[in-house]
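# Analysis of the macromolecular model
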Amino acid sequence: MECSALYCIRIGYIVTPHFSHRGELLMTHTSIEKKSAIVTGASRGIGRAVARRLARDGFAVVVNYAGNATKAEEVVAEIESAGGQAIAVQADVANAADVERLFKETIETFGGVNVVVNCAGIMPLSPLAGGDLELFDKVIATNLRGTFLVLAQAARQVSTGGRIIAFSSSVIAKAFPTYGPYIASKAGVEGLVRVLANELHGRDITVNAVAPGPVATELFLTGKTEAQIEQLRKQPPLERLGQPEDISNVVSFLAGPDGSWVNGQILRANGGFA
């Protein structure tokens, strides 16, 4: 609890001191609205950086994860140790019941949903000639179906003045070999974002996507040789890989008051990569 001569603040309340007619010190508890943010895929990489940044911006954060509870709880602990609020909620974004439960638990815990950031995604690579339908279906299920399900719930549950932020990729512009399933899934995400922005006409809710270039995360680095990574590092004019914090800064802008006039857009945060 933080106190001054005029008031005390504790989590969720303003505690205001005043005196009764007998001179007794009394305290009045007034509720403070705490905005909440759901971040999917928040146990690692860009999602982890986004969760930490939104917590620093004052949001109570729901750290969603698919399978690694330990990593998710680490993010929650980091946020709480810095004075923020967070909970971890397991949910597979490709599973409709899981996504519905994710939103339900958020509302039960924090009273509503103000911001949704769908960071969950996978990026296995395979040439089209290989015809790996199992891999294709897996990528579409997580990246595109998952986005569809999260955006559908967000459209129903996000409060007036809220923000919905999806993730695309700047690799769409490059059409690299073996990226076919991934690019197909992210092209679909961009279409969903623009449609939902129009469907929410009049509700004062923005819908945008962030499209990173190469970012030094486990998702990006896995399966690549040092030579491939070095080649990609040199492609942007800034000659470096992006860092998760470069992307979380963009999400912070879109989720905050300064991003209120940006709607139905794809922000290509890539250092000039594309």
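Residues numbered from 1 in each chain as written. Predicted model: local features only at pLDDT ≥ 70, side-chain atom pairs only at ≥ 80, totals over all residues. Heavy atoms only, no water.

## Observations concerning the environment of Arg-203
- With respect to the helices and strands, the residue Arg-203 is situated in the loop between α5 (180-199) and β10 (206-210).
- Judged by relative accessible area, which is 32%, Arg-203 ranks as partly exposed.
- A C-alpha to C-alpha distance of 9.9 Å links Arg-203 and Val-158, two positions 45 residues apart in sequence.
- With residues up to four places along the chain from it excluded, the contact list for Arg-203 reads Ala-155, Arg-156, Val-158, Thr-160 and Gly-161. (Helix = DSSP H or I, 4+ residues; strand = E, 2+ residues; numbered from the N terminus. Buried < 20%, exposed > 50% of the residue type's maximum accessible area, 1.4 Å probe, protein only. Contact = heavy atoms within 4.5 Å.)

## Regarding the environment of Leu-238
- Inspection of the secondary structure assignment puts Leu-238 in the loop between α7 (226-234) and α8 (244-255).
- A residue is classified by how much of its surface remains accessible, and Leu-238, at 57% relative accessible area, is exposed.
- Measuring from C-alpha to C-alpha, the distance between Leu-238 and Asn-270 comes to 9.4 Å, with 32 residues separating the pair along the chain.

## Some thoughts on the sheet that holds strand β11 (residues 266-267)
- Strand order in the open sheet formed by seven strands is β7-β6-β5-β8-β9-β10-β11, and the pairing between neighbours is parallel. Where the open sheet ends on each side, the last strands, each with one partner, are β7 (86-90) and β11.
- Relative to β10, strand β9 (residues 158-167) runs parallel, the two sharing five bridges. Within β10, the position partnered with Ala-166 by the bridge is Ala-209.
- Helix-sheet contacts for helix α1 (residues 45-56) involve β5 (36-40), β6 (60-65), β8 (113-118) and β9, and the interaxial angle to β5 is about 170°.
- Sheet contacts for helix α3 (residues 96-110): β5, β6, β7 and β8; angle to β7, the most-contacted strand, approximately 160°. (Pairing = 2+ DSSP bridges. Axes fitted to C-alpha atoms, helices over the stretch in contact; angles between N-to-C directions.)

## Description of the packing of α1 against α8
- Two numbers describe how α1 lies on α8: the axes approach to 8 Å, and their chain directions differ by 50°. Looking at the two axes, α1 sits oblique to α8. Crossing geometry of α1 relative to α8 is assigned as right-handed. Packed against α1, whose contacting residues are Gly-45, Ile-46, Ala-49, Val-50, Arg-53 and Leu-54, the element α8 presents Pro-244, Glu-245, Ile-247, Ser-248, Asn-249, Val-251, Ser-252 and Ala-255 at the interface. (Parallel < 35°, antiparallel > 145°, perpendicular 65-115°, else oblique. Left-handed = near helix turned anticlockwise from the far one by under 90°.)

## Structural notes on α8
- Across its 12 residues, α8 extends 16 Å between first and last C-alpha, which sits within 8% of the 16 Å expected from 1.5 Å per residue.
- Among all positions of α8, only Pro-244, Ile-247, Ser-248, Val-250, Val-251, Ser-252, Leu-254 and Ala-255 are buried.
- Contact partners of the buried residues in α8: α1, β8, β9, β10 and β11. (Expected span 1.5 Å × (residues − 1).)

## Considerations on the nonpolar core
- Ranked by internal contacts, the top residues of the largest apolar core, which has 31 residues, are Phe-103, Val-116 and Ile-164.
- When contributions to this core are tallied by element, the ones reaching two or more residues are β6, α3, β8, α4 (133-157), β9, α5 and β10.
- In terms of residue count, α4 provides more of this core than any other element does, five residues in total.
- Among the nonpolar cores identified, the runner-up in size contains 30 residues, and Tyr-65, Ala-72, Cys-119 and Val-215 belong to it. (Core = buried A, V, L, I, M, F, W, Y, C linked by side-chain atoms within 4.5 Å.)

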